[in-house]
Structure formats: structure tokens, C-alpha cells
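Single-letter residue listing:
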Amino acid sequence: MIRLNCFFKASEGRYDDALEAAIALTAASQTEEGCIAYDVFESATRGEIFMICETWTDEAALEAHSASAHFIEHVATLQECGTLKVEKFAF
């Protein structure tokens, strides 16, 4: 299994746009083959921060996800709205 923790920090005034893109990305990704879990969590202490947590069966499923049209579209929006930091764990 592969786990990604994607930490997002919104630029000023862009949080709502980013969260909308993250929720749309999550909804589409949850239906993909190989997706075990995919969700968005908002920080309770920092108003400009949220995290996307993903769990995939294997590298092939993650690669297919990364090449999908919805991933490309929504990640581009996220990159316009702030910064992403990704932590990847394989187990």
C-alpha cells in the first residue's frame, strides 16, 4: 500500500477555491480502481491549512490516478491557490 499526506497552505483569499477543488478531486478519486481511502481534513488551528490523505493499493494505481484528467485539472487549481507539500509512505 501507498499512503500520501498532501499538506496544503492557501494563499490569502484563496482557501475557499482550493477547498472546493480538493473536495472535487476527492469525490472523483474515491471511485478510482485501487483507491483504498481518500479524504480532506481541515486544520482546527490554522485557517489556511488543509490536508488530503490518500491510500492506494500499489504504485500502478497511484500512477493511473496521477495521469487522470480530474487529477491534472484539480491539482492545477490547487497550485494556483497556494502551496502543496507531499509526504509519501509505502508499506
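Structural notes, computed from the coordinates. (Residues numbered from 1 in each chain as written. Predicted model: local features only at pLDDT ≥ 70, side-chain atom pairs only at ≥ 80, totals over all residues. Heavy atoms only, no water.)

### What about the pairing of strand S1 (residues 2-10)?
What counts here: Two strands are counted as paired when DSSP detects at least two bridges linking them. Runs of H or I in DSSP of at least four residues are treated as helices and runs of E of at least two as strands, each being numbered from the N terminus.
Sheet analysis places S1 next to strand S3 (residues 49-56), joined by eight bridges and oriented antiparallel. Counted as the bridge partner of isoleucine 2 is tryptophan 56 from S3.

### Re the pattern of salt bridges
For side chains of opposite charge, pairing can occur when their charged atoms come near one another. Note the threshold: Salt bridges, as used here, are contacts in which a Lys or Arg side-chain nitrogen is within 4 Å of a carboxyl oxygen on Asp or Glu.
One pass over the structure, following the stated rule, counts four salt bridges. Among the ionic pairs, arginine 46 bridges to glutamate 48, the shortest N-O distance being 3.6 Å. A salt bridge links glutamate 59 to lysine 88; its shortest N-O distance comes to 3.1 Å. Placement of glutamate 59 in helix H2 (residues 59-67) and of lysine 88 in strand S4 (residues 82-90) is noted, with a sequence separation of 29 residues between them.

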